[in-house]
Amino acid sequence: MAKVSVVIINYNGRKYLEKFLPSILASTYSDMELIIADNASTDDSLAFMRSIYPAVRIIVLKRNHGYAGGYNEALKEVKSDYYVLLNSDVEVSPGWIEPVVELMESDKGIGACQPKILSYKQKNQFEYAGAAGGWLDCLGYPFARGRIFDICELDSGQYNEVEKIFWASGAALFVRSELFFEAGGLDTYFFAHMEEIDFCWRLQLLGYSIYACPASEVYHVGGGTLPKGNERKVFLNFRNNMIMLAKNLPKRQSFWKIPLRILLDFISAFKSLFAGQIVYFLAVGEAHLAFFKWLFFMQKKSVFPVKRKARLSGWYLNCVAWKHFVEGKETFDEIVGDKR
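**A word on the overall build of the chain**
Thought 1: In terms of regular secondary structure, the chain is built from 11 helices and 14 strands.
Thought 2: Projected onto its principal axes, the C-alpha positions of the chain cover 50 × 45 × 40 Å.
Thought 3: Here the chain holds 340 residues, and the buried ones make up 56% of them.
Thought 4: Excluding contacts between residues fewer than 6 apart, the proportion of contacts in the chain whose partners are at least 24 apart in sequence is 75%.
Thought 5: Within the structure as shown, the chain displays about 14700 Å² of accessible surface, and the carbon and sulfur contribution to it stands at 56%.
Thought 6: Across the chain, 40 positive and 37 negative side-chain charges occur, with their mean positions spaced 7 Å apart.

Here you go:
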């Protein structure tokens with residue numbers, strides 16, 4: 001039986017550890033190891049863990065490396081067949097590990113996989129961070145089976161088939177341990193947000209597939225570290241998305257797609273400004289300035305693809321923003337249809 005190490009990055013998340021660790025420890029998979037990697041928390045997370053869960057392994061990091069850097073540092077100390085990068089604000093079902101491992105063991109070409117991710121607060125609705133598997137459109141806008149921008153569908157079994165996707169959510173990301181390092185790990189420069197999409201893109205360019213396994217279900221609170229609309233969250237999402245495109249797109253595409261994305265981002269920013277959302281407007285502007293700083297001075301700090309030629313799954317050749325905001329399409333099937 002393959003060994004599975006479930007690794008949670010914790011930063012001042014005692015309330016989530018207290019609430020959700022019991023469901024993880026109730027998992028029925030027999031060869032599972034639970035590890036808490038603490039990102040230099042300043043709350044009583046470590047005291048709580050050592051008092052209530054003394055048998056759970058803790059990796060103490062000396063500073064806050066963020067989501068990406070935290071996993072890169074912690075996983076150096078974890079020996080396993082599979083890593084599960086799990087957010088601290090996720091409740092799991094008892095048999096959530098078995099279907100994913102069975103799928104990945106059946107095909108060594110599968111590099112990473114995610115379960116079906118539903119909302120903890122409304123368990124018949126898909127959750128924003130990954131839903132039933134992530135896709136990417138031609139301009140780099142991420143969306144998912146069950147989630148288009150801020151609209152999350154109700155789960156009626158419409159995405160219950162196992163399917164190739166573009167990216168697996170970092171809220172519950174299964175990955176072969178050796179491939180995590182072969183692909184270069186997560187891009188530490190990202191700190192948080194978009195790092196799993198960038199990682200899955202690099203993994204696909206290595207020739208491995210990314211899958212969604214809906215027989216496995218988890219329930220995500222979402223926004224556990226940075227709430228939706230937070231200036232830092234907006235900044236990281238926009239900056240990291242631009243960096244991801246610059247790193248992974250073929251050069252001939254990046255020359256026109258990146259300027260077009262900058263234009264579309266600023267249209268979105270000015271629309272928000274006229275709606276009174278000045279924080280969003282400023283964060284988008286700061287993100288693009290930070291992208292140019294990376295482009296001219298900081299590229300050596302990032303992780304680039306090892307290979308660049310592969311057929312990508314979950315890549316939508318049209319613009320999801322146009323389909324949604326102009327044509328009014330609100331569901332994944334309305335937008336993608338038979339263009340899988």
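**As for the packing of aromatic side chains**
The geometry of two aromatic rings is summed up by the distance between their centres and the angle between their planes.
Thought 1: Counted by the stated rule, this structure contains 26 aromatic pairs.
Thought 2: Seen from their ring centres, Phe 166 and Trp 201 are 5.4 Å apart, and the 75° between their planes marks the pair as edge-to-face. Taken together, the residues span a long stretch of sequence, with Phe 166 in the loop between strand 11 (163–165) and strand 12 (172–176) and Trp 201 in helix 6 (residues 195–205) at a distance of 35 residues. Grouping residues by exposure puts Phe 166 and Trp 201 together as buried.
Thought 3: Aromatic side chains Trp 201 and Trp 315 sit 5.7 Å apart centroid to centroid with 50° between the ring planes, which places their arrangement in the tilted category. With Trp 201 in helix 6 and Trp 315 in strand 14 (residues 315–316), this residue pair connects regions lying 114 residues apart in the sequence.

**Description of the side chain of Asn 72**
Thought 1: As for its position among the elements, Asn 72 is in helix 3 (residues 66–75).
Thought 2: A polar contact of 3.0 Å, which involves the side chain of Asn 72, links it to the side chain of Thr 188.

**A look at the environment of Lys 62**
Thought 1: One can find Lys 62 in the loop between strand 3 (57–61) and helix 3.
Thought 2: For the pair Lys 62 and Asp 38, spaced 24 residues apart in sequence, the C-alpha separation works out to 8.6 Å.

**Things to note about the pairing of strand 2 (residues 32–39)**
Thought 1: Burial of strand 2 is extensive: 8 of the 8 residues sit out of reach of the surface.
Thought 2: The alternating pattern of strand 2 places Met 32, Leu 34, Ile 36 and Asp 38 on one face and Glu 33, Ile 35, Ala 37 and Asn 39 on the opposite face, and all of these are buried.
Thought 3: Where strand 1 (residues 4–10) lies against strand 2, 7 bridges are found, and the strand directions are parallel. Residue pairing in the sheet places Val 4 in a bridge with Met 32 of strand 2.
Thought 4: Running through helix 1 (residues 14–25), the crossover from strand 1 to the neighbouring parallel element strand 2 is right-handed.
Thought 5: Judged from the 5 bridges that link them, strand 2 and strand 3 form a sheet pairing that is parallel. Note that in strand 3 the partner of Ala 37 across the bridge is Ile 59.
Thought 6: In this view, the connection linking strand 2 to its parallel neighbour strand 3 by way of helix 2 (residues 45–52) has right-handed handedness.

**Focus on the environment of Val 336**
Thought 1: Note that Val 336 resides in helix 11 (residues 332–336).
Thought 2: The exposure class of Val 336 is buried, given its relative accessible area of 2%.
Thought 3: As a C-alpha pair, Val 336 and Ile 197 span 139 residues in sequence and 19 Å in three-dimensional space.
Thought 4: Not counting residues within four places of it along the chain, the set of residues in contact with Val 336 comprises Trp 135, Phe 143 and Tyr 316.

**Focus on helix 8 (residues 251–274)**
Thought 1: For helix 8, spanning 24 residues, the distance from its first C-alpha to its last is 35 Å, which sits close to the expected 34 Å at 1.5 Å a residue.
Thought 2: Along its length, helix 8 shows its largest kink, about 25°, at Lys 257, and proline Pro 259 lies within four residues downstream of that point.
Thought 3: All of the buried residues along helix 8 are Ser 254, Lys 257, Ile 258, Arg 261, Ile 262, Asp 265, Ala 269 and Ser 272.
Thought 4: Looking at the buried positions of helix 8, the neighbouring elements they touch are helix 7 (231–248), helix 9 (278–298) and strand 14.
Thought 5: Positioned one or two residues after helix 8, Gly 276 has a phi angle of 90°, which is positive.

**Remarks on a nonpolar patch on the surface**
Thought 1: Taken together, the side chains of Ile 278, Val 279 and Leu 282 define a hydrophobic patch exposed on the protein surface, amounting to about 250 Å² of accessible area.
Thought 2: Note that Ile 278 resides in helix 9.
Thought 3: For Ile 278, a relative accessible area of 47% corresponds to the partly exposed category.

**Details of the nonpolar core**
Thought 1: Counting residues in each nonpolar core, the largest one holds 82 residues, and the members touching the most others are Leu 85, Phe 199 and Trp 201.
Thought 2: Here the element with the most residues in this core is helix 7; it accounts for 9 residues.
Thought 3: Excluding residues that lie within four positions of it along the chain, Leu 85 makes contacts with Val 7, Tyr 67, Tyr 71, Leu 75, Gly 170, Ala 171, Ala 172, Leu 173, Val 175, Phe 180 and Leu 186.
Thought 4: Grouped together as the second largest cluster of nonpolar side chains are 35 residues, Ile 24, Leu 34, Leu 103 and Ala 171 included.

**Section: unusual backbone geometry**
Thought 1: Of note in this structure, Ala 131 is not a glycine but carries a positive phi near 45°.
Thought 2: Note on placement: Ala 131 falls in the loop between strand 6 (110–119) and strand 7 (134–137).
Thought 3: Accessibility expressed as a relative area gives 0% for Ala 131, which makes it buried.
Thought 4: If you check the backbone angles, Phe 191 has positive phi at about 70° while not being a glycine.
Thought 5: By secondary structure assignment, the location of Phe 191 is in the loop between helix 5 (177–182) and helix 6.

Parameters and conventions
- Residues numbered from 1 in each chain as written.
- Predicted model: local features only at pLDDT ≥ 70, side-chain atom pairs only at ≥ 80, totals over all residues.
- Heavy atoms only, no water.
- Helix = DSSP H or I, 4+ residues; strand = E, 2+ residues; numbered from the N terminus.
- Buried < 20%, exposed > 50% of the residue type's maximum accessible area, 1.4 Å probe, protein only.
- Contact = heavy atoms within 4.5 Å.
- Areas by Shrake-Rupley, 256 points an atom, 1.4 Å probe, with all protein chains shown as cover.
- Lys, Arg positive; Asp, Glu negative; His and termini not counted.
- Charge placed at Lys NZ, Arg CZ, Asp CG, Glu CD.
- Phe/Tyr/Trp six-rings, centres within 6.5 Å; stacked < 30°, edge-to-face > 60°.
- Polar contact = N/O pair within 3.5 Å; in protein donor to acceptor, adjacent residues only side chain to side chain.
- Pairing = 2+ DSSP bridges.
- Right-handed = clockwise from strand over helix to strand, strands pointing away.
- Expected span 1.5 Å × (residues − 1).
- Bend = angle between axes of the 7 residues up to and from the residue.
- Patch = residues over 30% accessible without salt bridge, like charges linked within 9 Å, V, L, I, M, F, W, Y side chains within 5 Å.
- Salt bridge = Lys/Arg side-chain N within 4 Å of Asp/Glu carboxyl O.
- Core = buried A, V, L, I, M, F, W, Y, C linked by side-chain atoms within 4.5 Å.

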